[in-house]
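Observations on chain architecture
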Amino acid sequence: MTSLAHFETLAGSIELPGKAIIDGKLLASASGETFDNVGPRDGRVLNKVASCNAVDVDIAATAAREAFEDGRWRNLHYRKKKDILFKLAELMERDAETLALLESLDVGKPIKDSLAVDIPGAIRTLRYYAEALDKVYGEVGPGTPDRFSFAVHEPLGVIGVIVPWNFPLLMAMWKVAPALAMGNSIVLKPAEQSPMTALKLGQLALEAGVPPGVLNIVPGLGATAGKAIALHMDVDMIAFTGSGAVGRLLMQYSGQSNLKRVSLELGGKSPQIVFADCPDLNAAAVQAAWSIFFNQGEVCTAASRLLVQDSIADAFTESLLRAARKVSPGDPLEPRTNFGAMVSQEQMKTALRYIDTAQKEGASLKLGGHQTRADTGGFYVEPTVFTGVQPKDTLAREEVFGPVLAVTKFSDADDAFRMANDTVYGLAAGLWTKDLSLAHHAARKLKAGLVWINGWDSCDLTMPFGGFKQSGFGRDRSLHALHKYADLKSVSITF
Ligand code: NAD
């Protein structure tokens, strides 16, 4: 049985990655500048990380372009590509404990979750796309007696991958794996709060035999490294997960440069609806707690709005609060901890600000509402539940990206669907009911890219993932993601 002491010793004995990986080499930034990588567990600086700017990005994008054009990856036999990606998955498995530790140190998430969710999820994603890479077929057109026509999927070229800090390795892998599977080269920028697993991935990819220049990792700040990738004339596409504000900028940068393709996985304010005929109220209450408090609420699909039918609202809220009291902030490196630190002081302050606003707007605070474990120096916020939140309230409209739940009552199905859709977002939505007709009706009525019935987050890697409305466009996961990283070329041969 692993222990806190085990992970503390491991943290003290491994080298924390901080160098960029460009064209197969581990490098300091060209300017020599670094940024402090702060650990949310205790607020201390973990290490200094290369702060890449437009010069480093240019070197990385040029290396990626060369790698793409000379075909060192793209033109490898598909069996060889597959072998290399499977080898990478094996190396990630070998180093899974280290990867999990790096993730928990960087993000503050419980080591239990890094070990059971983030790292295995990233490895599964890699294997899924490695298995799929020789199953992408083109099409043969109807043709004519004197003409043969076909369409092929061709890799796009250089993909700029820009990811957030909440599931750093998993979000990166959702993009890196299908992009590599299709034969592209990559310039990946991890979030400045969580660079370490991406840098470790880059090292393991070289060890596995991914040729130099194919997977470049440029840590750095969003407004310098991220912007430089998005403006670069040799980057063919930006695959982004993050906030709507940055998503808007990326579309501008695309327009100001080479009209590179942009795919955006953005935020959410996802509603979970509990009807009075819910098949298992207790299970729904436990799920309602975990669907907001998992990963400290720093989840794009967090069920941050809970809509409960008025006839069961009081009893259901009691069950919810019972479940929520079992979620208790602790040291992320303690294996029993089920709720860790928020990623940064800034994110903690944002959550506390929303809590303050909700109180001022008249919502009723039923649980939590404060910073906690302040003596550690880390960034911890209590799991927080508000009832009586009105659809017009800030807490019902804006994404907190923290452990704050807004509970609202509704009268009937039309009322529930109206409230659920009354948002600029459209990432996920869910409902609990025994009524199959109502479930089908709701699935069509709810404006969201993901609809979950009688369970939350119940789709897996085999299903497309992404948003409607201002939650973005383009899909991660499933075989659809492969086509995102390819262009369709039509060829006709006239006899
Ligand atoms: P963010 O948009 O601030 O940062 C995301 C990434 O963009 C980081 O790597 C950052 O350095 C970079 N960036 C910042 N400014 C940039 C610029 N001007 N040009 C280019 N890159 C820039 O988001 P965040 O705070 O890291 O993450 C939280 C957000 O991500 C939330 O809104 C959340 O809902 C969303 N998210 C969405 C999904 C999804 O799949 N839909 C998954 C996880 C997180």
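This one's a predicted model, so the numbers in the text were calculated from it and none came from an experiment.

Moving on to helix α10 (residues 281-293). Taking 1.5 Å per residue as the helical rise, α10 with its 13 residues ought to reach 18 Å, and the 18 Å between its terminal C-alpha atoms agrees with that figure. Considered for burial, the residues of α10 that qualify are A284, A285, A288, A289, S291, I292 and F293. Among the structural elements, β12 (271-274), β13 (305-309), α11 (313-325), β17 (384-387), β18 (404-410) and β20 (428-432) are those in contact with the buried residues of α10. Measuring from the backbone nitrogen of N282 back to the side-chain oxygen at the start of α10 gives 3.2 Å, which picks out D280 as the cap. Following α10 by one or two positions, N295 adopts a phi angle in the positive range, close to 60°.

Next up on the list: the site of the ligand. Contacts to the ligand come from 29 residues, most closely from V163, E192, S243, L266 and E399. For the ligand, an oxygen atom lies 2.5 Å from a polar atom in the side chain of S243. Contact distances for the ligand include 3.3 Å between a nitrogen atom and a side-chain N or O atom of Y253. Here the ligand loses 90% of its free accessible area of 850 Å² to cover by the protein chains. Broken down by secondary-structure element, the contributors of at least two residues to the shell around the ligand are α8 (222-231), β10 (237-241) and α9 (244-256). Residue contributions to the shell around the ligand peak at four residues, all from α9. Classifying every residue of the shell around the ligand gives 17 nonpolar, seven polar and five charged.

With that out of the way, let us pick up the packing of helix α3 (residues 78-94) against helix α7 (residues 196-208). The geometry of a pair of packed helices is captured by two quantities: the angle between their axes and the separation between those axes. Between α3 and α7, the least distance of the axes is 9 Å, while the angle of their chain directions is 130°. With respect to α7, the axis of α3 lies oblique. Crossing handedness for the pair α3 and α7: right-handed. Only L201, L204, A205, E207 and A208 of α7 make contact with α3, whose side of the interface consists of I84, K87, L88, L91, M92 and R94. Taken together, the residues of the contact of α3 with α7 sort by class into eight nonpolar, no polar and three charged.

What follows covers the environment of R147. Looking at where R147 falls in the secondary structure, it is placed in strand β6 (residues 147-155). Sequence separation between R147 and F495 is 348 residues; the distance between their C-alpha atoms is 6.0 Å. Setting aside residues up to four positions removed in sequence, R147 forms contacts with S492, I493, T494 and F495. A polar atom in the side chain of R147 sits 3.2 Å from the side chain of T494.

Attention now moves to the domain arrangement of the protein. Segmenting the protein into domains produces domain 1 (4-265 + 472-492) and domain 2 (271-458). Look at where the C-alpha atoms of domain 1 and domain 2 centre, and you get two points 31 Å apart. Contact with domain 1, which involves 26 residues of that partner, is made by 28 residues of domain 2. Counting each side, the surface lost to burial between domain 1 and domain 2 is near 2100 Å², with a carbon and sulfur contribution of 63%. Contact with domain 2 buries area across many residues of domain 1, yet L4, R41 and W165 alone supply 26% of it, more than any other trio. There are one salt bridge connecting domain 1 and domain 2.

This paragraph deals with a nonpolar patch on the surface. Together, V140, F148, I493 and F495 make up an exposed nonpolar region whose accessible area comes to about 420 Å². By relative accessible area, F148 is classed as partly exposed at 36%.

Moving on, we get to the pattern of salt bridges. This model, assessed by the stated rule, comprises 27 salt bridges. With a shortest N-O distance of 2.8 Å, R65 and E69 are connected by a salt bridge. Here R65 and its partner E69 are both found in helix α2 (residues 54-69), four residues apart, which amounts to about one turn of the helix. Judged by relative accessible area, which is 15%, R65 ranks as buried.

Before going further, it helps to examine the pairing of β17. On β17, burial covers both faces: T384 and F386 on one face and V385 and T387 on the other are all buried. Pairing of β17 with β18 involves three bridges; the strand directions are parallel. Paired with V385 across the two strands is L405, which belongs to β18.

What counts as what
- Residues numbered from 1 in each chain as written.
- Predicted model: local features only at pLDDT ≥ 70, side-chain atom pairs only at ≥ 80, totals over all residues.
- Heavy atoms only, no water.
- Helix = DSSP H or I, 4+ residues; strand = E, 2+ residues; numbered from the N terminus.
- Expected span 1.5 Å × (residues − 1).
- Buried < 20%, exposed > 50% of the residue type's maximum accessible area, 1.4 Å probe, protein only.
- Contact = heavy atoms within 4.5 Å.
- Polar contact = N/O pair within 3.5 Å; in protein donor to acceptor, adjacent residues only side chain to side chain.
- Near = heavy atom within 4 Å.
- Areas by Shrake-Rupley, 256 points an atom, 1.4 Å probe, with all protein chains shown as cover.
- Nonpolar A, V, L, I, M, F, W, Y, C, P; charged D, E, K, R; others polar.
- Axes fitted to C-alpha atoms, helices over the stretch in contact; angles between N-to-C directions.
- Parallel < 35°, antiparallel > 145°, perpendicular 65-115°, else oblique.
- Left-handed = near helix turned anticlockwise from the far one by under 90°.
- Domains from an automatic or database assignment.
- Buried area = accessible area lost by both parts, 1.4 Å probe.
- Salt bridge = Lys/Arg side-chain N within 4 Å of Asp/Glu carboxyl O.
- Patch = residues over 30% accessible without salt bridge, like charges linked within 9 Å, V, L, I, M, F, W, Y side chains within 5 Å.
- Pairing = 2+ DSSP bridges.

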